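The residues making up each chain are set out below.
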Amino acid sequence: FEFVIDGDIVDPDVLERMARFQSGLESIPHVTKVYSVVDVLKTTNRAFNGGRPEFEQLPGTLHGLLMARFDRLPESARYLLQKAAVLGCAFPADVLKRIAGLRVDDVDTDLDLLVTRQFLMPETLESGQVYAFRHALIQAAVYATLLKRDRQRFHLQVAQTIEDSDAWLLGERIEVLAYHYAESTSPEKAIPHLIAAAENAAHRCDHETAVTRYQS
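Described in the following lines is the structure provided in the data block.

1. Description of the nonpolar core
Part 1: Leu81, Phe91, Leu96, Leu114, Leu120 and Phe133 are the most contacted members of the largest nonpolar core, which totals 40 residues.
Part 2: Residue assignment for this core shows that the elements contributing at least two residues are helix 3 (62-71), helix 4 (75-87), helix 5 (93-99), helix 6 (104-116), strand 3 (128-133), helix 7 (136-143), helix 8 (148-163) and helix 9 (170-182).
Part 3: Broken down by element, the residue count for this core peaks at seven residues, all from helix 4.
Part 4: The residues contacting Leu81, other than those within four sequence positions of it, are Phe70, Leu73, Leu114, Phe119, Leu120, Phe133 and Val142.

2. A few points about the pattern of salt bridges
Part 1: If you walk through the whole model with that rule in mind, you get three salt bridges.
Part 2: For Asp108, the salt bridge goes to Lys97, with nearest N and O atoms at 2.9 Å. Taken together, the positions of Asp108 in helix 6 and Lys97 in helix 5 put the pair eleven residues apart, joining distant regions of the chain.
Part 3: In this structure Asp108 comes out as partly exposed when scored by relative accessible area, which is 29%.
Part 4: Lys97 gets classed as partly exposed once you look at its relative accessible area, which sits at 28%.

3. Re helix 6
Part 1: With 13 residues, helix 6 extends 18 Å from end C-alpha to end C-alpha; this agrees with the ideal 18 Å at 1.5 Å per step.
Part 2: Looking only at helix 6, the buried set comprises Val107, Asp110, Leu111 and Leu114. Buried positions in helix 6, seen along its axis, are confined to an arc of 105° and lie on one side of it. Opposite the buried face of helix 6, at more than 90 degrees from it, the exposed residues are Thr109 and Thr116.
Part 3: For helix 6, the elements touching its buried residues are helix 4, helix 5, strand 2 (120-125) and strand 3.
Part 4: Just downstream of helix 6, Gln118 is the residue with a positive phi angle, here 70°.

4. Overview of the side chain of His155
Part 1: Relative to the elements of secondary structure, His155 occurs in helix 8.
Part 2: Assessed through its relative accessible area of 0%, His155 is described here as buried.
Part 3: Ignoring any residue separated from it by four or fewer positions in sequence, one finds His155 in contact with Val86, Tyr143, Tyr179, His180, Glu183 and Ser184.

5. A few points about unusual backbone geometry
Part 1: Here the phi dihedral of Gln118 falls at roughly 70°; this positive angle occurs in a residue that is not glycine.
Part 2: Residue position: Gln118 is located in the loop between helix 6 and strand 2.

6. Considerations on the sheet that holds strand 1 (residues 90-92)
Part 1: What the three strands build is an open sheet, ordered 1-3-2; its pairing is antiparallel. Each edge of the sheet is formed by a strand with only one pairing partner; in this case those strands are strand 1 and strand 2. Neighbour to neighbour, the strand axes of the sheet diverge by 25° on average, direction disregarded.
Part 2: Note: strand 2 against strand 3, six bridges, orientation antiparallel. Pairing of Glu123 across the sheet is with Val130, part of strand 3.
Part 3: The strands that helix 6 touches are strand 2 and strand 3; relative to strand 2, the one it contacts most, it runs at about 115°.

About the cut-offs
- Residues numbered from 1 in each chain as written.
- Predicted model: local features only at pLDDT ≥ 70, side-chain atom pairs only at ≥ 80, totals over all residues.
- Heavy atoms only, no water.
- Core = buried A, V, L, I, M, F, W, Y, C linked by side-chain atoms within 4.5 Å.
- Buried < 20%, exposed > 50% of the residue type's maximum accessible area, 1.4 Å probe, protein only.
- Helix = DSSP H or I, 4+ residues; strand = E, 2+ residues; numbered from the N terminus.
- Contact = heavy atoms within 4.5 Å.
- Salt bridge = Lys/Arg side-chain N within 4 Å of Asp/Glu carboxyl O.
- Expected span 1.5 Å × (residues − 1).
- Arc of directions from axis to C-beta.
- Pairing = 2+ DSSP bridges.
- Axes fitted to C-alpha atoms, helices over the stretch in contact; angles between N-to-C directions.

Here is the structure:
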């Protein structure tokens, strides 16, 4: 039989409900084994703690487990993932390579590792290779590891790189530039892009977005 529990598996409350439900099923006569993502997380938690049996349990927080995985990456892969987190939940591979500050071969090696370690997933589109974080929580957790001054510096670097890139369609590009400049060390550079984004929204009769962009 297959049972489905509603909710997000990155929510600790959902995982605890799943664990209790699993335990209840296993107490039913003739039920020999119930397997779920809870088992995967327990095994992973134990593996990240030297294989010690007392750690074969759900981690205190999923954020803690994500950070344990992040800390075990090689330094260059951690640095690359932080820059990827600044780009957002999904991003063109060529933009990441341009801001990485690493040799292209090293970037490719680190990207392969990040895919293998389940941080990123690749996708090939007509416009080129794209990567996405496997879950928004992973992107948010990695982004939070950056000091504010580093985040601002990386956002500025991303914005400047995007201005010289055709990785986004014009409308999307304006929105992305407005966001990255607003979060950078030069937020005043976001103003013309915010105005352009507001005008585009007004032309689409998306008045709510237009007002939001003008207020930004």
